[in-house]
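Coordinates in review
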Amino acid sequence: MTAPPSSPSSARAGSPLWELTLARLRLFFREPGAVFWTFGFPLLLSIALGIAFRNRPADPSVVAVVSPELQSALAKDAVLRTRLLDEPAAREALRTGKVDLVVLAGPPIAYLFDPARPESRLARALADAALHPAGPPATVDKPVVEPGSRYIDFLIPGLIGMQLMSAGMWGIGYVIVEMRTKKLLKRLMATPMSRAQFLWSFVVMRALFLLLELPLLIGFGWIVFKVPVVGSMLLLLAVSLLGALAFAGIGLLVASRARNTQTVSGLINLVMLPMFVASGVFFSTARFPDTVQPVLRVLPLTALNDALRAVMIEGAGMASVAGQCALLAGTAAVTFVAALRLFRWG
Amino acid sequence: MSAALRCEKLVKKYGDVTAVDGLDLEVSAGECFGLLGPNGAGKTTTVEILEGLNEPTAGSVEVLGRRWRSDERALRQRLGVSLQETHLPDRLTVEENLRMFRSFYERGRPVDEVLDLVELRDKRSSWTERLSGGQKQRLAVGCALVSDPELLFLDEPTTGLDPQSRRQLWDVVLGFKARGRTVLLTTHYMDEAERLCDRVAVVDKGKVIALGTPPELIASLGGQQVVELATERPLSPEDLAGLASVRSSRRNADGVALTVEQLHVALPAILARADPFGLTRLSTHHATLEDVFVHLTGRHLRE
């Protein structure tokens, strides 16, 4: 076969960074399992937890009464449910916890209840208020619902943080070690490919992915649970980007020496599990003792979750999340440089 | 002709194990040079040192007149490498793989041309995981050809392939060589070395134990024919000593093998000597590089 002499013009190909990134994206989207764990799983998790911990209207208090007059008097209050029983049956119902309160006709009207049971005390207060409408001074009820006070409001930013962590760790750490075991890294080393560009392609991939992951979770939270973003969307994106970079760096670092996928899986779990539990994904870090708080605060996922919640729920500005952002940026820089130094290419 | 590749007194030790033990090579520009030897002879270690992927414990390496330490980036632009086993990404297509590799080089051949070279045009949109063994191997070689290299390294390019796939790959190598380019390949198939290589270095235990063109190496046996015979009662090489036209003799698995210069002269005498021992089998073949290896080491290449 004859071929024209090679020349740069006949063959200028795409930029290596772009081709490497493209390959990463293609390989990801051709792996249905990876797509599910990255995009589907966090959504399913938020649905399950959102349902389990939804805010329900208060249970009605159940009151046993012995006369129809009392029953109609108490029916004025919507949160009281009344049952008309004779006195022995009413006492029995109270004893077995089927009703919270027994009201005996008077005079004087008697309340039978167990003061040790909060729901009994509540029922007594409600019944009393219904039987003796309040006189002056007149009062008025003003129900207050704090924005962002539901569990799901707390959960969605935590899930975003968790998602950025696990996608970075698995999507980079595991994938690189797999390339090492398959000798693909060695093969790439036999080309003039720039090593820094190779590592950068993973970082670029994570940044691009963020543009899919973030709208998906935030949009889902808004549509399904009406979880608002109180603060600046741009700041939220910036915080997420720093989080993605920090975990991209940690992902590179855990992958830098490991020779097989079992080792790297262990390392990834070793890094992630403590943060799953202690960095405020599912419940507040405030539940841990004061002595460990300084340690928790410097965990990258804690910083990321705190910053995400501050922006999403409290509408915090740049200045109030600067500390967390600095910590994330520092983590990204240090881990990337360390990974480049330690990396086992062969 | 100038040397495309030269190494002197190459040594590579892994702890107490010496994989390469003072190996010298010189490959001329434009030749196809083969490293022939059994598994574990140190071929792959040698090639990876020459490819700049492994550091020698001692010795010097010069590739295309340059050294790895000072000129790595420039050198990589001019080489094509196919490793013994590379698992290219399963779910990239043939074409995507070639494009990715192409992007690493400043100059090279268009991807379409390489697809033709390695006969994978029909498969350009297939994922790597759906290719046959031979197609995968041709893709691996294709990835080494996208840079239009001056020097191509192939480490056991046809190991484990069926005969037809092997011949297809040989055609790719011969086509590359026909463009005046240099090839260094390792193999433990003597027929592959005979078919492709201008010169062969027989490697055993990290050393070159014979060097020359395949005909020269075969001629070094002293005879072009090999006679193998087996008998009912044990026959030793000494029993066949001193026969006309017999150049050497040695014991093999179930009898004796002789290298013979002129079959028609030697055969009647061999039959006469062997007959009393109860001849059960006699066969002859043209001497091959396998016979050279057995002659030199007493072992077979595939052992």
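Residues numbered from 1 in each chain as written. Chains lettered and ligands numbered in written order. Predicted model: local features only at pLDDT ≥ 70, side-chain atom pairs only at ≥ 80, totals over all residues.

Next up on the list: the domain arrangement of chain B. Here chain B is partitioned into domain 1 (3-213) and domain 2 (222-286). The C-alpha-based centres of domain 1 of chain B and domain 2 of chain B are spaced at 40 Å. (Domains from an automatic or database assignment.)

Residue and element names in this part refer to chain A. Topologically, Leu-299 is positioned in the loop between α12 (293-297) and α13 (300-312). A count of 19 C-beta atoms within 10 Å places Leu-299 in the partly exposed class. Spatially, the C-alpha atom of Leu-299 lies 28 Å from that of Ala-52, the residues being 247 residues apart in sequence. Excluding residues within four positions of it along the chain, Leu-299 makes contact with Met-275, Ala-278 and Ser-279. (Helix = DSSP H or I, 4+ residues; strand = E, 2+ residues; numbered from the N terminus. Buried ≥ 20, exposed ≤ 12 C-beta atoms within 10 Å, placed from the backbone. Contact = placed C-beta atoms within 7 Å.)

Next up on the list: unusual backbone geometry. Residues and elements named next belong to chain B. Backbone geometry at Leu-64 places phi at a positive 50°, although glycine is not the residue there. Given 19 C-beta atoms within 10 Å, Leu-64 falls into the partly exposed group. Notably, Asp-148 is not glycine yet its phi reads approximately 50°, a positive angle. You can see Asp-148 is positioned in the loop between α5 (133-145) and β6 (151-155).

All names here are of chain A. Where helix α10 (residues 233-255) meets α13, the closest approach of the two axes is 10 Å, and the angle between their N-to-C directions is 170°. Considered as vectors, α10 and α13 are oriented roughly antiparallel to each other. Residues Leu-235, Leu-236, Val-239, Gly-243, Ala-246 and Phe-247 of α10 lie in contact with α13, whose contacting residues are Pro-300, Leu-304, Ala-307, Leu-308, Val-311 and Met-312. When the residues that make up the contact of α10 with α13 are grouped by side-chain class, the tally is eleven nonpolar, one polar and no charged. (Axes fitted to C-alpha atoms, helices over the stretch in contact; angles between N-to-C directions. Parallel < 35°, antiparallel > 145°, perpendicular 65-115°, else oblique. Nonpolar A, V, L, I, M, F, W, Y, C, P; charged D, E, K, R; others polar.)

All names here are of chain B. Sheet analysis places strand β8 (residues 199-204) next to strand β9 (residues 207-212), joined by five bridges and oriented antiparallel. Paired with Ala-201 across the bridge in β9 is Leu-211. Taking the residues between adjacent antiparallel strands as the criterion, β8 and β9 are bridged by two residues, where Lys-205 takes a positive phi near 50°. (Pairing = 2+ DSSP bridges.)

Right, let's talk about α13 of chain A for a bit. With 13 residues, α13 of chain A should reach 18 Å at 1.5 Å per residue; the first-to-last C-alpha distance of 18 Å fits that figure. For α13 of chain A, the tally of buried residues reaches 13 of 13 residues, placing the bulk of the element in the interior. (Expected span 1.5 Å × (residues − 1).)

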